[in-house]
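# Topology and contacts: notes
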Amino acid sequence: MHTLNMATSSSCATRASTLPSNLPVLVRSLAGTSCFSTMKHRAHMDGDVIIAGFFPLKTLGKDHSKSEDSRQEEHTPIFKNYQFVLALVFAVEEINKNPVLLHNMTLGLDIYDVEFRAWTMFKNPFIWLFGKYKIPNYSCMRDRRSTAVLTGPSGITSNQIGTLLGLYRFPQFTFGSFDHTLSDHNKFPALYQMAPKDTSMVIAIVSLLLHFNWNWVGLLTSQDENGSWFLAELKEEMAKNRVCVAYELVVSTQDLSHLFRVMAVYNKINNSSASVLIIYGDKDSLISIIISLEQILMQGKVCVMNLQWDFTMKTRYFMLGSLHVPLIFTHHHADVSGFTDFVKAVNPSKYPEDIFLARLWFLSFNCSDAESDCVTWDNCPHDASLDWLHGHIFDMTMSGYSYNIYKTVYAVAQALDEMLLLQTEFHTVGNRKGTVPSPAQLHFFLRNIQYYNPAGDQVIWDEKSKLEPEYDVLNIWNFPEGLELAVKVGKFSPYALHGNQLSLSEDLLEWAIGTTETPHSICSESCGPGFRTSRHEEKASCCFDCTPCPENEIANVTDMEHCVKCPDHQYANTQRNQCVLKAASFLAFGDPLGMALACMALCFSMLTIVVLGVFVKHKDSAIVKANNQTLSYILLISLIFCFLCSLLFLGHPNTVTCILQQITFAVVFTVAVSTVLAKTVTVVLAFKATSPGRRMRWLLISGAPNFIIPICTLIQVTLCGLWLGTSPPFIDTDPYSEHGHVIILCNKGSITAFYCVLGYLGSLAIASFTVAFLAKNLPDTFNEAKFLTFSMLVFCSVWLTFLPVYHSAKGKVMVAVEVFSILASSVGLLGCIFVPKCYNILLIPIKNSPYCFRDKRHIRRNMHCYD
């Protein structure tokens, strides 16, 4: 076993001469009674190469008037820090037992306490370097075997000691959290940080916020380089994921001495609607303000913190009783096999050289003499073990800081092993066991080292090749009050697929006492489907109002900034959260309106056939012969087709019906109106031909008015041909006229061609109306000019009314207006021209008698013709 020496002399010479003789006395004294006031606060384990450690272990056992519980509570941080010593001892012993690593060399250790005060911080480093405290740069140490130094976990102490060690090129390893101020290689050329850089910390924290839908959080950081870096990185990542900062607090150690500053921080945190507070900083920078805030009750806050916090401190030092819910991100590390069993087996009898273990036993197991600072070992329980201590006093599992110490020892051993192998190859060292490598020579091997430690973790010093750190998520169980148990509830791995990097066991989470629901931390409630967010320029992006989506626009997810317009073939439902496919709609025969129009068309066409039949049956009657029966037949037949062509506008449109609608309508109405014009011209010519010597008689006899019909129809057919050749009608849809429906209708194609056809038809009607109006007063018993005039008046009135109504109507109504105009104008022609004649033929046959054609001198005799 390696021996551990506690020198009682202050001079270098005295130490060299008295060390061997004092060692047995010290070992024997530990078996009986030991007094701490006579011991030096230094532990040494002999070895060929020494690794020094400067840990915050503080002087224990000064005040013995306090009870045992109060002394344990006072020095709880020291108990926890003692694990650093055990980790170093465990790693050294494990390497010394390894036959492969450093097979001809052993490691030893020096452990010193380091104080946090400015000048006394250098006391023990001076003693370690020079053998004395008050004479720097003058060394009286004859046997220097130290190769590397461990400092931490505070970045401030590592900074101060590193300034001193850098002068002597001593390899310095910091086992605390990564500190940006220590990454300056010009200022700290011999310093190595064992903790990985928190490059994934901000992504891990934001992933946690997104997991619980927390988008309104406060920030509390220290006013130093680490806090500035973290704050910038976190705010950038939060902005990418639409997480907003409710407030931002940057505090320094100077601020913490002012009560007003502490109250300002408290008011900002407690009065904010944000339920989540992100804290980043080392314990030395922010512990004072946390202790201050602990004295003021702060309810319902969830704290998300980094690993630098000693989160299992007693409540009077920390905030577990007030902030309720801490969630801590710690670096994930592999389990070190055998460490827990090693800690259980540790006791002063096994390690009588360990002054710090003796003090821990002195405080924990009632081994003290009440009136002195001496330990009576006979009073200690013989089977006492460190696992008797409560978890918040001493943790049996290896902490992240202790794991960094473990990695450091193996890194030094690997570098020494490679250096010795290289020296052996060049025969500079050989097998001489007493030669100690120079610490300055170790830097080359340390910078290029790459290996796997026994825990299975890869260690790389090259910053570009270092792996991203993984994090464990811890939750503090504090129920029942005072339990303060850190429980792993999740893990964050940057190597997992995006979206699966964070894994949490929510059933293990303990929120504030008395609640089982996940806390909410949002500025504005989410806008559900059917609403969009309406933001204010003066507020954060997470603060907004919810505005319903406009008509025919939807929002199918929460917190949409803009509503999405539905496609033309779809429409927004009542909730405005889904686009529904519109139903196809057209003026079908089965619709009430379509059925009514179809019935009207068929009825009037049948009525026209009946009239035609009456005229054919009474073709020899005077009234039929007097009004040019051929033209009457043509007009009646064209009216039948006028009524029937309206049926083309009903039913599901297709390409054929769309073309036939307009062409049939234009041609048959042109035939009808041109026939009316021919009849009107015939009446005029008939009266003009009665005058002697007039040429009109020849025109009448030759049947010239009958040529009006084919000529006018030919012109209309030509216009229709041009229409079909340039831009024919086609099937179209109207998704806007009727909500929830797509109207299938026929597009006119060329609007110009349509109005040319309609205008030509109107010009024929106006011409017919004009001629008939001029001939309405010509004397004749069977003069139908009045009827023709009135029919054209009705026809023109219908189509003049049609134009504005047609343009204002939409969808099926527009089609119905066109069909109704066709029926109305056709009924006007049928009713005004043929109903009076049928009335005379069927009901007053005497007026159709030949006697009524006699000379005027027989009028008195034939007055019954007009009775």
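To be clear, the structure that these remarks concern was listed above.
Residues numbered from 1 in each chain as written. Predicted model: local features only at pLDDT ≥ 70, side-chain atom pairs only at ≥ 80, totals over all residues. Heavy atoms only, no water.

### Considerations on the sheet that holds strand 2 (residues 42-45)
Operational definition: Any two strands with at least two DSSP-identified bridges between them are counted as paired. What counts as a helix is a DSSP run of H or I of at least four residues, what counts as a strand is a run of E of at least two, and both are numbered from the N terminus. Axis angles are defined between N-to-C directions and span 0 to 180 degrees, where every axis is a line fitted to C-alpha atoms and, for a helix, only to the segment in contact.
Strands sit in the order 2-4-3-5-6-7 across an open sheet of six strands; the sheet is mixed. Each edge of the sheet is formed by a strand with only one pairing partner; in this case those strands are strand 2 and strand 7 (191-193). The mean angle between the axes of side-by-side strands here comes to 20°, regardless of whether they run parallel or antiparallel. Both strand 3 (residues 49-55) and strand 4 (residues 107-113) contribute to a ladder of seven bridges, which runs parallel. Pairing of I51 across the sheet is with L109, part of strand 4.

### Points about the sheet that holds strand 27 (residues 741-747)
Strand order in this open sheet of three strands is 25-27-26, and the pairing throughout is mixed. The open sheet terminates on both sides in strands that have one partner only, identified here as strand 25 (583-585) and strand 26 (730-734). Sheet twist, expressed as the mean angle between neighbouring strand axes with direction ignored, is 35°. As paired strands, strand 26 and strand 27 are joined by five bridges and run antiparallel to one another. Each residue of the ladder has a partner; that of T733, found in strand 27, is I744.

### Brief notes about the state of the cysteines
We count it as follows: Disulfides are defined as cysteine sulfur pairs within 2.5 Å. Relative accessible area decides the class of each residue, using a 1.4 Å probe on protein chains only: under 20% of the type maximum gives buried, over 50% gives exposed, and in between gives partly exposed.
One pass over the full model with this rule turns up six disulfides. Put simply, C244 and C542 are joined by a disulfide, and their sulfur atoms are 2.0 Å apart. Taking the torsion about the sulfur-sulfur bond, which here is approximately 90°, the covalent link between C244 and C542 counts as right-handed. With a gap of 298 residues between them, C244 in strand 9 (residues 244-251) and C542 in the loop between strand 19 (531-535) and strand 20 (544-548) connect regions that are remote in the sequence. On the basis of relative accessibility, which here comes to 6%, the residue C244 falls in the buried class. Its relative accessible area of 3% is what places C542 among the buried residues. Between the sulfur atoms of C549 and its disulfide mate C563 the distance is 2.1 Å. Taking the torsion about the S-S bond as the criterion, the C549 to C563 disulfide, at about -80°, is left-handed. One end of the pair, C549, is in the loop between strand 20 and strand 21 (553-554); the other, C563, is in the loop between strand 21 and strand 22 (564-565), and 14 residues separate them in sequence. According to the relative accessible area criterion, C563 is buried, its value standing at 14%.

### Focus: the environment of S337
Cut-off, in case you're wondering: It only takes one pair of heavy atoms within 4.5 Å for two residues to be counted as in contact.
If you trace the backbone, S337 turns up in the loop between strand 12 (325-331) and helix 11 (339-345). Residues S337 and P454, 117 residues apart in the sequence, show an inter-C-alpha distance of 8.5 Å. For S337, the residues in contact, after removing those within four places along its chain, are F90 and E94.

### So, the packing of aromatic side chains
Within a pair of aromatic rings, the relevant descriptors are the distance that separates the centres and the angle that separates the planes. Keep this limit in mind: Any Phe, Tyr or Trp ring, taking Trp's six-membered ring, that has another such ring centre within 6.5 Å forms a pair; planes under 30 degrees apart are called stacked, those over 60 apart edge-to-face, and the others tilted. A ring is considered to have a charge above it if a Lys NZ or an Arg CZ atom is located within 6 Å of its centre and within 35 degrees of its normal.
Counted under the stated rule, the structure contains 32 aromatic pairs. Ring geometry for F90 and F339: centres 5.5 Å apart, planes at 85°, overall edge-to-face. One end of the pair, F90, is in helix 3 (residues 76-96); the other, F339, is in helix 11, with 249 residues separating them in the sequence. Centroid distance F615 to F834: 5.4 Å. Interplanar angle 80°. Geometry classified as edge-to-face. With F615 in helix 15 (residues 592-617) and F834 in helix 23 (residues 812-843), the pair connects residues that are 219 residues apart, well separated along the chain. The class for F615 is buried, based on a relative accessible area of 1%. Taken together, the ring pairs connect F665, F669, W723, F754, Y755, F795, W799, F802 and Y806 into an aromatic cluster. Positioned above the aromatic ring of F754, the side-chain terminus of K748 is 5.3 Å from the ring centre.

### With respect to the environment of C244
Once the C-alpha coordinates of C244 and C523 are considered, the two residues, 279 residues apart in sequence, prove to be 8.6 Å apart. Those residues in contact with C244 that sit more than four places away from it in its chain are N215, W216, V217, M238, A540, S541 and C542.

### Some details on empty space enclosed by the protein
Space left empty within the atom packing is revealed by a probe, the size of a water molecule, rolled over the atoms. Defined as follows: The distinction between a cavity and a pocket rests on a 1 Å grid over the protein atoms alone: a 1.4 Å probe fits inside a cavity but cannot get out, while a pocket stays open yet meets protein on both sides within 12 Å along at least five of seven lines, and a residue with an atom within 4 Å of a point counts as lining. Grid points are joined across faces, edges and corners, and a volume is the space filled by probe spheres set on the points. Put simply, Ala, Val, Leu, Ile, Met, Phe, Trp, Tyr, Cys and Pro go in the nonpolar bin, Asp, Glu, Lys and Arg in the charged bin, and everything else, Gly too, in the polar bin.
The full count for this structure, using the stated rule, is four cavities of 30 Å³ or more. Around the largest cavity sit 18 residues that line it, and F649, Q661, L745, C746 and V815 are the ones nearest its centre. Secondary structure elements with two or more residues in the lining of the largest cavity: helix 18 (655-689), strand 27 and helix 23. Grouping the constituent residues of the lining of the largest cavity by class yields eleven nonpolar, four polar and three charged.

### A few points about helix 20 (residues 708-726)
Here is the rule: Multiplying 1.5 Å by the residue count of a helix minus one yields the expected span of that helix. By arc we mean the arc of the directions from the helix axis to the C-beta atoms, nothing more.
The end-to-end C-alpha distance of helix 20 is 28 Å, a good match for the 27 Å that 19 residues give at a rise of 1.5 Å each. Every buried residue of helix 20 is listed here: I708, I709, C712, T713, Q716, C720 and W723. Looking straight down helix 20, one finds that the buried residues subtend no more than 105° of arc, so they occupy a single side. Facing away from the buried side of helix 20 by more than 90 degrees, the exposed set consists of I711, L714, L722, G725 and T726.

### Some thoughts on the side chain of Q716
Put simply, the rule reads: We define a polar contact as two N or O atoms separated by no more than 3.5 Å, with the added condition that, inside protein, one atom must be a possible hydrogen donor and the other a possible acceptor, whereas residues neighbouring each other in sequence contribute only through side-chain atom pairs.
On the secondary structure map, Q716 appears in helix 20. When its relative accessible area of 0% is taken as the criterion, Q716 is described as buried. A distance of 2.8 Å separates the side chain of Q716 from the side chain of T670, its partner in a polar contact. Contact partners of Q716, with chain neighbours within four places excluded, come to A666, T670, V757, Y760 and L761.

### A few points about the pattern of salt bridges
Test applied: Salt bridges, as used here, are contacts in which a Lys or Arg side-chain nitrogen is within 4 Å of a carboxyl oxygen on Asp or Glu.
Overall, the coordinates contain six salt bridges when judged by the stated rule. Taking the shortest distance from any N to any O, the salt bridge between E561 and R535 comes out at 3.4 Å. Here R535 lies in strand 19 and E561 lies in the loop between strand 21 and strand 22, a separation of 26 residues in the sequence. As a salt-bridge pair, D591 and K812 come within 3.5 Å of each other at their nearest N and O atoms. Separated by 221 residues along the polypeptide, D591 in the loop between strand 25 and helix 15 and K812 in helix 23 bring together distant segments of the chain. A relative accessible area of 21% places K812 in the partly exposed class.

The values are spatial; any link to function lies outside them.
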